[in-house]
Structures are given as structure tokens and as C-alpha cells.
Amino acid sequence: MIDFNVPPFTGKEYEYMRMAVESHKISGDGQFTKKCSRWMEERFHAKRVYLTTSGTTALDMAALLCDIKPGDEVILPSYTFSSTATAPVLCGAKLVFVDIRPDTMNIDEKKIEAAITDRTRAIFAVHYAGVAAEMDEIMEIAHRHNLLVVEDAAQGVMSTYKGRALGTIGDFGCYSFHETKNYSMGEGGAIVINNEAYNERAEILREKGTDRSRFFRGQVDKYTWVDFGDSYLPSELNAAYLWAQLEKADEIYDDRMHTWECYDRAFRPLEQEGLVSLPVIPEYDVHNAHMYYLKFRNLAQRTEFIAYMKERGVQTPFHYVPLHSAPAGERFGRFHGVDRCTTSESERLVRLPLYYGMKEEDRETVIRAVLDYFTV
Ligand SMILES: *Cc1c(COP(=O)(O)O)cnc(C)c1O
């Protein structure tokens, strides 16, 4: 069976994890956490990056920093992972789901403004498949209405929008280093703080409500409990694993992109014949080959395709069931306007295997099976 994902492993992970163990520092914010966050700050021109225990907790931190209060509303797409929604829900927010664009599967920026009320506090934009949402328009709407913007860039590490790294455009950006993402630490993530005014609050929140970070910098002579907080520091063991990936970030990127482009070349003729729809990359976006997907005519054809691929030994999962149709989505949110694309587009989509180090023969097996599906 060709799995749709294999967690990335570059070779240096054990060595770095052993270094962490031998340095007698396996809790958070040691040498590897620092290396990883500095690397992201430099590479992405990000003002401040903090590693977190997951993409989900990075989003939780962002929601708390937005100071979302019970009854506030948050605008987000329904076609996303539950974590985009659980963060504002933890703060008591009401979710307002907005339809997606059929081309990029991202929130339709043209439908955001109509969903804004006097309770709206923030927009949570998702960069699906590492392809950017329309950030210029989203930021402009946010400024006009005095809203905060959180980028769920869980899938967008190493992607750019008009030359700017995803995650560095809104007030906060959230990355995931889950094993299914391009760069991994097993479970882990990071929050990018783009507005310096939030740095201190972020440090306190991440350090169990204490001013421990100021203490370590010598700014206070003992540390104390100063505000509400939580524990969002990942272990150095996980950070060491991530460091081995970030050191080879370009190699991982190129390898994934090669597979993505092989798929794309092989399947464009199918699209020209009108048999299938393929990912759309807007011209000012540079994506990170997080995902390759096909879109079929409808749910029935997709179901048939998945069964066919399984027989050919290839795992091809579909993706999100829209949140507004899930039990918790009905409870915590409402869909604004007409669901023109969210449900229908999500039902058409299927993902192909794509991971770092995918063997050429496996890639060819996938390509052959897809082409055969359309010729028999
Ligand atoms: C993976 C993912 C998350 C959650 O990240 P975890 O690290 O698994 O907690 C959130 N949002 C999106 C869009 C994701 O793809």
C-alpha cells in the first residue's frame, strides 16, 4: 500500500535528540527551541516566533491574545480543520462561517464584509494546501473594521504571498509541525507575533502566566505569577527533531515540489479534457507543495475513485467535512449567506500521496493508476 503520508526524517534527528538529552535540558526553550525560532525569524522575516506544542495550541494562543470574549464573533471558512474553530470557541466566541472560493478552496474574501457585525472581533484565514488566502483584501477589510487577523498557516510553512512568508502578514500566524505537515516534530507548532505590542503578553501566556522570560533576561529579579496563562512550550526533544528538518528545509521543499510538479504535468491533459479539476496557484503565490489534490465531478465519482485506488494499492483520502455541518459547528456557529462552494467543492476533492522522500516508482504507480482510472 502506498500511504498518503510518511513523516519526514532527514537523518540527523537522533543525533540532535541525543544532544538534548546529554545537555540535561529536555524541557522547553533550550538550545534547539532557540535555533528553530531564530531560524524562522530570519528566514521568514518574522518579528517574533515562539514554538508551541501544536498548531492547535498556537491558534489557542492567538485567540487568547486577540482577547476574544464570550459573545464575540469570529469569521472563518467552514472548509478547515477543527483547530481553526476550537481556538475561538475556547474563548466563548460565536463562529461565523463564510463560503470558500472554488479555485483555491480558501475563504472568499469578497464575502467577508457582509458577515461582519458589531460583535465581530477577528478573522481567522486559512491557507489551504499552503496556497495563500487573498491577504491584501483581508487585511484591508480588517483595518476598515478594526478587526484582528489570525493566519492559520498550519499548512503554509515556506509558502509566500507577494513575496511575504505566510504567517507574517496578519497580526498572528500559526504553523503546525504535526507529522502530516511538511516539517515535523511529531506534535508541535509555532506562533508568529507580527505586532510587537503582543510580545510580552505572549511570553506570559506561554509560561504559565508568569514573567519568567523577563526574569531570564534579567529584567526582574524574581519571577511571579502575573496573569492567566497556560503551558505551550514543547520539549527540547521535539525541538531537536524539528531542527534536523529546518536545517534541510530547502531539500525537503525541493523534493516535495518535484513530486507535486510530476503529478501536475501528468494530470494537466486530464484537466484539458474536462475530466478533473486540479489545484489553482494564483500567480503571486509561491506554494510549498504541501498537498496535491484532484477534484472530481461529484461525491459519487470521488467515492468510486477512492475505492478504485485502494484496489490499486494507493491510499487517497478525502479532506474536511465542512465544520458548519458537524455537530459542534451547528452548536457554536452559523453559516453566513449561501453555501455555494463549501460543501459542493469539498465533496469533489481527493488527496494524492505526497511526502518527503517519496520513491519515484511509487510516484509512477500513483500516476499510472490515476491515468488508468480515466481510460478504462
Ligand atoms: C494541521 C492543521 C492544524 C492543527 O495543527 P496540529 O499541529 O495538528 O495541532 C490546524 N489548522 C490546519 C489548517 C491544519 O492543517
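Note that this is a predicted model, so its numbers are computed, not measured. (Residues numbered from 1 in each chain as written. Predicted model: local features only at pLDDT ≥ 70, side-chain atom pairs only at ≥ 80, totals over all residues. Heavy atoms only, no water.)

Visitor: Would you mind showing me how to read the sheet that holds strand S7 (residues 164-165) here?
Guide: As a general point, the strands of a sheet are linked pairwise by backbone hydrogen bonds and lie either parallel or antiparallel. Ordered in space as S7-S6-S10, the three strands form an open sheet in which the pairing is antiparallel. At either margin of the open sheet sits one strand with a lone partner, and together these are S7 and strand S10 (285-286). Note: strand S6 (residues 160-161) against S7, two bridges, orientation antiparallel. Bridge pairing in S7 places Tyr161 opposite Arg164. (Pairing = 2+ DSSP bridges. Helix = DSSP H or I, 4+ residues; strand = E, 2+ residues; numbered from the N terminus.)

Visitor: Quick question: what am I supposed to make of the domain arrangement of the protein chain here?
Guide: Accessible area lost on assembly of the parts is the figure often given for the size of an interface. When the domains of the protein chain are assigned, the result is domain 1 (13-246) and domain 2 (249-373). Once you take the C-alpha centre of each, domain 1 and domain 2 turn out to be 25 Å apart. Counting from both sides, the interface comprises 46 residues of domain 1 and, opposite them, 37 residues of domain 2. Buried area between domain 1 and domain 2, both sides added, is near 3700 Å², and the carbon and sulfur share of it is 56%. Among the residues domain 1 hides against domain 2, the three largest losses belong to Tyr79, Phe97 and Asn182. Together they make up 17% of the total. (Domains from an automatic or database assignment. Contact = heavy atoms within 4.5 Å. Buried area = accessible area lost by both parts, 1.4 Å probe.)

Visitor: Explain the nonpolar core here, please?
Guide: Looking at soluble globular proteins, one finds that nonpolar side chains tend to be buried together. Ranked by size, the top nonpolar core spans 79 residues in total, and within it Met40, Phe177, Tyr183, Phe267, Leu294 and Val370 carry the most contacts. In terms of residue count, the dominant contributor to this core is helix H9 (residues 249-272) (nine residues). The residues that make up this core include at least three from each of domain 1 (13-246) and domain 2 (249-373). Among residues more than four places away in sequence, those in contact with Val370 are Phe267, Leu270, Leu294, Phe305, Met309 and Leu352. Of all hydrophobic cores here, the second largest spans 32 residues; its members include Ala58, Phe97, Leu148 and Ala202. (Core = buried A, V, L, I, M, F, W, Y, C linked by side-chain atoms within 4.5 Å. Buried < 20%, exposed > 50% of the residue type's maximum accessible area, 1.4 Å probe, protein only.)

Visitor: What exactly am I supposed to notice about helix H4 (residues 82-90) here?
Guide: In an α-helix, one full turn covers 3.6 residues, which means residues spaced three or four apart are oriented alike. For H4, the complete set of buried residues consists of Ser83, Thr84, Ala85, Ala87, Pro88 and Val89. Following H4 by one or two positions, Gly92 has its phi on the positive side, about 90°.

Visitor: Just to check I follow, could you spell out the side chain of Asn5 for this structure?
Guide: By the secondary structure assignment, Asn5 is in the segment before helix H1 (13-22). On the accessibility criterion, Asn5 (13% relative accessible area) is buried. There is a polar contact of 3.1 Å between the side chain of Asn5 and the backbone oxygen of Glu179. The residues touching Asn5, leaving out its near neighbours within four places in the chain, are Glu179, Thr180, Leu354 and Tyr355. (Polar contact = N/O pair within 3.5 Å; in protein donor to acceptor, adjacent residues only side chain to side chain.)

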